Amino acid sequence: MHRRVSSLITDGVMVFAMLLGTCAAASAAMSSAAAPAGLAAVRANCSGCHREVSPGHFDRISEERKTPEGWAMTIFRMRHLHGVKLTGKEQATIIQYLSDVQGLAPSETAPARFALERRPNVPDLKLPYHLHEMCGRCHSLARVALQRRTAAEWLKLINFHVGQFPTLEYQEGSRDIHWWKIATTELPGELAKLFPFESAAWRNWSGHPHPSLAGEWIVHGYTPGRGDYYGTARIRRTARHRYRARYLLHYASGAALDGSSDAIVYTGFEWRGTAKLGGKRVHEVYFASTDGMRITGRWFLTDHSEIGGHWVASRATGAPQIIAAIPSALKTGTTERVVVVGIGLRGSVELGPGTKCKVLERTPYGLILSASVQSNAAPGYRTVRIGQVHGRNLLAVYRRVDRLKVEPSLAIARLGGGTLAPVDAQFHVIGYTDVVGAGGKVIPVRLGAVPVTWSLEPFNAEAARRGDVRFAGTLSQEGRFLPAQGGPDPKRRFSADNTGDLFVVASHRDGKTPITGKAHLIVTVQRWINPPIY
Ligand code: HEC
Ligand code: HEC
């Protein structure tokens, strides 16, 4: 017997019309042997409530497109709210299938990828039509922008929200606007215009086979707090949607970051890997370019998604190119080892006016140089030329560091407590030197990471009075803030929680006067619900 919900939601009230019956005639007409495993799994597990209106078209399910994380969140809800029972394998098959047939095209996910990559402390999307006030106060607007629906489906989603969270308008403090009126009249049409179910991007992407990602790759990445890393990756295809990767990577300091990954590729480009990197368990959220020549994204620690690194892999067989110079700035009057990461780097090497260099070593990922900068060399960007290829603004020459920028400029850390790990905050610093350009205009030249010492200061007089620096947590010399434990602290006034309002201060000493850079850090309470898309 199958339960079926015919009209799921009407006017903000969920109406469950439980119908008794067997599978729809349409699905019986499709030979189950011919249907792919994913379609068969949807038919077997979902069609009891979501009627198969025509072969392969399920009520509600087939009128929206989402990322793999989006499908995972919906299916999680089917299980915990609507009692759907699925084995891990069935769930994986369904997420794979729905992401492939109803996913988002690469250009459609691009603006909101930061949410899939779980980049911490990124400002949310800016969207029109009151969307911030209407939808952006409970969760990110990225969650909205990572879906595509018909206007009718957007309206059903809004009705679901009110049905499921009847206190919604109060909860998100939206009494400043006519929430219900706007949500049910203007918004579905506007959302369908911004995020339409049918799009040329999706037709183009889903209409042709996607490139295999197997092969040899050159990797360059950056881990805030640790710096640049680089090396090679070898990717093998183990099944239609599956890959195994082997990484030979290290930091500029020499510390190894080797590893291996088992990945599933959804929608032909959404790489989701479970990996071991430098001995740590990490998740990979990467995206292959449409031509299959680059894989970019972010990896993060499985148990601390706020800690991770940026990743760019370029095909080793691609056109010759210079990817990065490490370090990216050289001081006048010094000689340093410089690693130039790139593809097909052959021919003479030049680092521009006032510099001299020689090749010390050729590696699979590029060249290792010894570079000297004359003491009177003019500060500014240099173009790196190797044979026929060149890289602009990859390298700078400087006399002194004039300014520091601490990133992110505003961060949120969360206390640990109970079974919940604290949410750390990782800072890193970028140095700049000022170059006077034409007409006396000061142009800041980016130097990349510079050595600093880290410290904490109260953000204001109130934070100083409360002793936030002492209670809220500690800052490591790698720029990682480790929050204190949550819960009442008897050592604090009123046994307050160990929250805090702080400045994170980086200071760089070059000669007598230290220069500093600051960022704002708010240390707040735990967040108990952490879905895949915040
Ligand atoms: C027991 C009945 C039941 C089963 C079985 C069921 N669902 Fe649902 N589904 C619902 C109800 C009720 C809603 C509307 C409320 C909601 O969105 O949670 C819904 C809504 C949906 C939506 C629309 C959600 C949105 O984002 O607006 C999707 C997509 C969906 N289900 C997918 C599935 C998939 C995939 C399966 C099979 C794995 C499935 N459902 C199985 C009851 C069910
Ligand atoms: C009161 C807080 C609140 C407001 C306001 C809110 N949402 Fe949500 N939204 C949620 C919660 C909670 C979930 C997770 C539901 C679940 O899966 O259990 C959610 C889930 C979603 C999802 C994912 C649903 C799925 O299954 O794919 C989308 C898309 C979404 N919201 C869009 C919107 C839009 C559009 C608006 C504005 C019209 C909005 N939200 C306003 C709380 C809110």
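Here is what the cut-offs are and how they apply
Residues numbered from 1 in each chain as written. Chains lettered and ligands numbered in written order. Predicted model: local features only at pLDDT ≥ 70, side-chain atom pairs only at ≥ 80, totals over all residues. Heavy atoms only, no water. Helix = DSSP H or I, 4+ residues; strand = E, 2+ residues; numbered from the N terminus. Expected span 1.5 Å × (residues − 1). Buried < 20%, exposed > 50% of the residue type's maximum accessible area, 1.4 Å probe, protein only. Contact = heavy atoms within 4.5 Å. Donors = N, O, S within 2.8 Å, 3.2 Å for Na, K, Ca; no water. Tetrahedral: all angles 85-135°; square planar, octahedral: opposite > 155°, others 65-115°. Polar contact = N/O pair within 3.5 Å; in protein donor to acceptor, adjacent residues only side chain to side chain. Pairing = 2+ DSSP bridges. Near = heavy atom within 4 Å. Domains from an automatic or database assignment. Axes fitted to C-alpha atoms, helices over the stretch in contact; angles between N-to-C directions. Left-handed = near helix turned anticlockwise from the far one by under 90°. Nonpolar A, V, L, I, M, F, W, Y, C, P; charged D, E, K, R; others polar. pLDDT = per-residue confidence, 0-100. Core = buried A, V, L, I, M, F, W, Y, C linked by side-chain atoms within 4.5 Å.

Student: Kindly report on helix H3 (residues 68-80), identifying the contributing residues and their values.
Tutor: Here H3 is 13 residues long and its end C-alpha atoms lie 18 Å apart, about the 18 Å a rise of 1.5 Å per residue gives. Every buried residue belonging to H3 is among Pro68, Glu69, Gly70, Trp71, Met73, Thr74, Ile75 and Met78, and all of these are buried. The secondary structure elements touched by the buried residues of H3 are strand S7 (64-66), helix H4 (88-101), helix H6 (113-116), helix H8 (141-145), strand S12 (259-266) and strand S13 (270-277).

Student: So, the coordination of the iron atom of ligand 1: which residues are in play, and what are the values?
Tutor: Looking at the iron atom of ligand 1, the protein donor atoms are His50 (NE2) and Met78 (SD), and they sit 2.0 to 2.2 Å from it. Here the iron atom of ligand 1 is ringed by six donor atoms whose angles at the metal span 87 to 179°, and the overall shape comes out octahedral. On the criterion of sequence distance, the pair formed by His50 in the loop between helix H2 (37-46) and strand S5 (52-54) and Met78 in helix H3 is long-range, its members being 28 residues apart. The exposure class assigned to His50 is buried, which follows from its relative accessible area of 13%.

Student: Help me get a handle on the side chain of Gln96, residues and values and all.
Tutor: Relative to the assigned elements, Gln96 resides in helix H4. Side-chain polar atoms of Gln96 contact the side chain of His241, separated by 3.5 Å. When neighbours within four sequence positions are excluded, Gln96 is seen to be in contact with His241, Ile264, Val265 and Tyr266.

Student: Let's hear about the side chain of Asp468: which residues, and what values?
Tutor: Mapped onto the secondary structure, Asp468 falls in helix H15 (residues 468-471). Those residues in contact with Asp468 that lie beyond four places of it in its chain are Ala463, Arg492, Thr499, Gly500, Asp501 and Leu502.

Student: Break down the sheet that holds strand S18 (residues 329-331) for me, citing the residues and quoting the values.
Tutor: Strand order in the open sheet made by the four strands is S18-S24-S23-S20, with mixed pairing throughout. Every other strand in the sheet has two partners, leaving S18 and strand S20 (349-350) as the edge strands with one partner each. The pairing of S20 with strand S23 (residues 380-386) spans two bridges and is classified as antiparallel. Pairing of Val349 across the sheet is with Ile386, part of S23.

Student: Break down the site of ligand 2 for me, citing the residues and quoting the values.
Tutor: Around ligand 2, the structure places 19 residues, and the nearest of them are Lys66, Cys135, Cys138, His139 and His161. In this structure, an oxygen atom belonging to ligand 2 sits 2.7 Å away from a side-chain N or O atom of Thr74. Contact between ligand 2 and Gln147: an oxygen atom at 2.7 Å from a side-chain N or O atom of the residue. Counting residues per element, the ones that place at least two in the shell around ligand 2 are H3, helix H7 (131-135), H8, strand S8 (147-149) and helix H9 (151-164). By residue number, the principal contributor to the shell around ligand 2 is H9, which donates three residues.

Student: Help me get a handle on the site of ligand 1, residues and values and all.
Tutor: What surrounds ligand 1 is a group of 22 residues, the closest being Cys46, Cys49, His50, Met78 and Arg149. Here an oxygen atom of ligand 1 sits 3.3 Å away from a polar atom, N or O, in the side chain of Glu64. A distance of 2.7 Å is found between an oxygen atom of ligand 1 and a side-chain nitrogen or oxygen belonging to Arg149. Of all the elements in the fold, those that place two or more residues in the shell around ligand 1 are H2, S7, H3, H4 and H9. Among the elements that line the shell around ligand 1, the one with the most residues is H3, at four residues. Shared between two domains, the shell around ligand 1 holds at least three residues of each, these being domain 1 (2-103) and domain 2 (108-206).

Student: Tell me what's going on with the coordination of the iron atom of ligand 2, and back it up with residues and numbers.
Tutor: Taken together, His139 (NE2) and His161 (NE2) make up the full set of protein donors to the iron atom of ligand 2, lying 1.9 to 2.0 Å away. Coordination at the iron atom of ligand 2 is octahedral: its six donor atoms span angles of 88 to 179° at the metal. Taken together, the residues His139 in the loop between H7 and H8 and His161 in helix H9 connect sequence positions 22 residues apart. The exposure classification of His139 matches that of His161, with both residues buried.

Student: Requested: an account of unusual backbone geometry, with residues and values cited.
Tutor: The omega angle of the peptide bond from Ile326 to Pro327 is 0°, so this bond is cis rather than trans. Backbone geometry places Asn121, a non-glycine residue, at a positive phi of 60°. Take Asn121: it is sitting in the loop between H6 and H7. You will see that Asn393, though not glycine, has its phi angle at about 60°, which is positive. When you line up the elements, Asn393 lands in strand S24 (residues 389-398).

Student: Please give an account of the packing of H2 against H4 that cites residues and values.
Tutor: Viewed as axis vectors pointing N to C, H2 and H4 meet at an angle of 115°, and their least axial separation amounts to 8 Å. The interaxial crossing formed by H2 with H4 has left-handed handedness. On the side of H2, the interface is formed by Ala37, Gly38, Leu39, Ala41, Val42, Asn45 and Cys46, while H4 contributes Glu90, Thr93, Ile94, Tyr97 and Leu98. The residue makeup of the contact of H2 with H4, split by class, is eight nonpolar, three polar and one charged.

Student: Any details on the confidence of the model for the protein chain? Residues and values, ideally.
Tutor: Segments scoring low in pLDDT should not have their predicted coordinates read at a detailed level. Scored by pLDDT, the protein chain comes out at a mean of 91, with 93% of its residues at no less than 70. Across residues 1-34, where pLDDT falls below 50, the model places 62 contacts with residues more than four positions away in sequence or in other chains.

Student: I'd like a description of the nonpolar core, backed by residues and values.
Tutor: It is characteristic of soluble globular proteins that their nonpolar side chains tend to be buried jointly. Counting 63 residues, the largest nonpolar core has Tyr247, Trp271, Ile295, Trp299 and Trp311 as its most contacted members. In terms of domain composition, this core takes at least three residues from each of domain 2 (108-206) and domain 3 (215-315). In contact with Ile295, not counting residues within four places along its chain, are Leu213, Trp217, Ile235, Tyr286, Phe287, Ala288, Trp311, Val312 and Ala313. Grouped together as the second largest cluster of nonpolar side chains are 28 residues, Tyr398, Val429, Trp454 and Leu456 included.

Student: Help me get a handle on the pairing of strand S22 (residues 366-373), residues and values and all.
Tutor: Among the eight residues in S22, seven count as buried, and that is most of the element. Sheet topology note: the strand S19 (residues 335-343)/S22 ladder contains seven bridges and is antiparallel. Across the sheet, residue Val341 finds its bridge partner in S22, namely Gly366. The pairing of strand S21 (residues 355-363) with S22 spans eight bridges and is classified as antiparallel. For Lys356, the partnering residue across the bridge sits in S22 and is Ser372. The turn joining S21 and S22, which pair antiparallel and follow one another in sequence, is formed by two residues.

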